[in-house]
Amino acid sequence: MVWVLFLLLAWGIAAVACTRLCLAAVRAAAAERQESAARDLTLYEVAFLAGGPARVADLTLVSMARQRRLLLAHTGWATVVDPSGRDEMEQSVIGAIGPEGQSRIAPVRTAAATADAVRRLADRLVRAGLALPEAGTTVASAVRQVRSAALAVTGLGAAALLTPGPTGVPRTLVAMWFALPLVLSLSCLALARIEAHPYSRWASPAGQRLLSALTRQADDAEADRRYLISVAVRGIRAVGEPELRAAFAHRDRTG
């Protein structure tokens, strides 16, 4: 009766994954009901909600490079031109580059993304109900777990059907038993798609609404701010300058 063991394992995987998704959805719903003050988002806040700490670091690098206070070479090196950062994010980047004023982009980006300034930004957004807390399972990660569970159930069902020897029951009935946890997993995915899509790793439902509103209003902003909003929302793929694109592409290959 090896297939029974496979079935119990399939049910366990599906039940755990679906339970985590339900709990994550409940937490997201609670966050949506949380009172969050209506306010404009800064570019750093937009970057965090759209792409997390790494996006904040990228936005800071691009912003400083456009203002000619930081040189990002196509070889993947960052050089400080103006050592006085205008805010704590820029100061974090300058500090990550180091006293020599020059460093490779990859370690600068990593250090800036984990700096205290970014953590304080994240804490403010969480307290405002706009960002998801770092601890706990998000809807996005829970959905990935349920997808993996559905694949695991399918694999276990196939293994049970292909296991040689008598099963004691018709193989069609074995397949039907495995179909139940698969249906459970797929139903949870369908409900999550209806109720919680789009999934976000960083922004709460309230934060997603502010991001959507900002994206719609971006066309009315001045050219430089519109460009930086695009970088904050889409990341370095929104960078238009060939030199900057080459610098970040070099970073991606080496980091």
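Data block above holds the structure.
Conventions used here
Residues numbered from 1 in each chain as written. Predicted model: local features only at pLDDT ≥ 70, side-chain atom pairs only at ≥ 80, totals over all residues. Heavy atoms only, no water. Axes fitted to C-alpha atoms, helices over the stretch in contact; angles between N-to-C directions. Helix = DSSP H or I, 4+ residues; strand = E, 2+ residues; numbered from the N terminus. Parallel < 35°, antiparallel > 145°, perpendicular 65-115°, else oblique. Left-handed = near helix turned anticlockwise from the far one by under 90°. Contact = heavy atoms within 4.5 Å. Nonpolar A, V, L, I, M, F, W, Y, C, P; charged D, E, K, R; others polar. Expected span 1.5 Å × (residues − 1). Buried < 20%, exposed > 50% of the residue type's maximum accessible area, 1.4 Å probe, protein only.

Undergrad: What am I meant to see in the packing of helix 3 (residues 88-97) against helix 4 (residues 105-113) here?
TA: Any two packed helices are characterised by how steeply their axes cross, that is the angle between the axes, and by the distance between the axes. Where helix 3 contacts helix 4, the two axes come as close as 9 Å, and the packing angle between them is 135 degrees. Of the possible angle classes, the one that applies to helix 3 and helix 4 is oblique. Classified by chirality, the crossing of helix 4 by helix 3 is right-handed. Contact residues: helix 3 offers Val93, Ala96 and Ile97, while helix 4 offers Val108, Ala111 and Ala112. A per-class count over the contact of helix 3 with helix 4 returns 6 nonpolar, no polar and no charged.

Undergrad: In this structure, what is going on with helix 9 (residues 223-234)? I would like to understand it.
TA: One full turn of an α-helix is made of 3.6 residues, so residues set three or four places apart face in the same direction. When the terminal C-alpha atoms of helix 9 are compared, their 16 Å separation across 12 residues agrees well with the 16 Å that a helix rising 1.5 Å per residue should span. Restricting attention to buried positions, one finds in helix 9 the residues Tyr227, Leu228, Ile229, Val231 and Ala232. One or two positions beyond helix 9, positive phi appears at Gly235, with a value near 90 degrees.

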